[in-house]
Amino acid sequence: MGNKHSKPPPEDHQKHPSKLDEFRSKVEDELARRMMLQREIQMAVNVAKARDTLCIFGTAWGTLVSGIAVARLAGKQIPPIAGVPIVIGGLVLGNIADLAYGNKLARVTKEAEYIMEYERGRFVPAKQAPFSKFYTEEERFLFDESTRVSELYPNAFFVEKKK
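Everything numeric in this text was worked out from a predicted model, so none of it was measured. (Residues numbered from 1 in each chain as written. Predicted model: local features only at pLDDT ≥ 70, side-chain atom pairs only at ≥ 80, totals over all residues. Heavy atoms only, no water.)

Draft legend 1. Up close: the nonpolar core. Formed by Ala50, Leu54, Leu93, Ile96 and Ala100, the largest nonpolar core amounts to five residues. Residue contributions to this core peak at three residues, all from helix 2 (residues 83-101). (Core = buried A, V, L, I, M, F, W, Y, C linked by side-chain atoms within 4.5 Å. Buried < 20%, exposed > 50% of the residue type's maximum accessible area, 1.4 Å probe, protein only. Helix = DSSP H or I, 4+ residues; strand = E, 2+ residues; numbered from the N terminus.)

Draft legend 2. Highlighting the packing of helix 2 against helix 3 (residues 104-118). Close contact between helix 2 and helix 3 brings their axes to 6 Å; oriented N to C, the two are set at 85 degrees. By the angle class used here, helix 2 and helix 3 are roughly perpendicular. Packed against helix 2, whose contacting residues are Asn95, Asp98 and Leu99, the element helix 3 presents Lys104, Leu105 and Arg107 at the interface. A per-class count over the contact of helix 2 with helix 3 returns two nonpolar, one polar and three charged. (Axes fitted to C-alpha atoms, helices over the stretch in contact; angles between N-to-C directions. Parallel < 35°, antiparallel > 145°, perpendicular 65-115°, else oblique. Contact = heavy atoms within 4.5 Å. Nonpolar A, V, L, I, M, F, W, Y, C, P; charged D, E, K, R; others polar.)

Draft legend 3. Representation of the side chain of Arg140 in the model. When you line up the elements, Arg140 lands in helix 4 (residues 137-145). Buried within the structure, Arg140 lacks any salt-bridge partner; Glu137 is the closest side chain of opposite charge, at an N-O distance of 4.1 Å. Among residues more than four places away in sequence, those in contact with Arg140 are Val124, Ser132, Lys133 and Tyr135. (Lys, Arg positive; Asp, Glu negative; His and termini not counted. Salt bridge = Lys/Arg side-chain N within 4 Å of Asp/Glu carboxyl O.)

Draft legend 4. Inspection of the pattern of salt bridges at higher detail. Counted under the stated rule, the structure contains seven salt bridges. With a closest N to O distance of 3.5 Å, Arg24 and Asp21 form a salt bridge. One end of the pair is Arg24 and the other is Asp21, both in helix 1 (residues 17-73) and three residues apart, which spans about a single turn. Close ionic contact of Glu119 with Arg122 constitutes a salt bridge, the shortest N to O distance being 2.6 Å. Given a relative accessible area of 55%, Arg122 falls into the exposed group. Each of Glu30, Arg33 and Arg34 takes part in a single network of salt bridges with overlapping partners.

Draft legend 5. Fine view of the side chain of Ser132. Within the secondary structure, Ser132 sits in the loop between helix 3 and helix 4. The exposure class assigned to Ser132 is buried, which follows from its relative accessible area of 5%. With sequence-adjacent residues up to four places away left out, Ser132 is seen in contact with Pro125, Ala126, Lys127 and Arg140.

Structure (structure tokens):
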């Protein structure tokens, strides 16, 4: 008991929490910067993948459309089914081009922001998760009102029903 470590801290200990808070804030800022950098790297890689996909499949789609156009100009009969890959390919490539060069990332981020603010109940984890306690009863409402997959057709025929 006479050890210096067993004594209560001196009165001037109240002056140190501000330094501790300052240090904690700097550490949290550094962690946030690293998370931000990792997020930006992942986003940049996804955009680069979209550009690569656009380059490869855009070229293939362009070749298909050009071949069909040349055949049509040459008077050849083109089966109507050939229009399917032209239309579907155009839609898919347009979506990828929006990600690669448009403002899709900003729109998706804004939607995610909205979901996180107004639809947080979608993220409620299973009750066994250690962070489950951080969700409010209001947020749990959507989770509690949902149905287990095993209770839906056709799974309900094969899984014993338990509560």
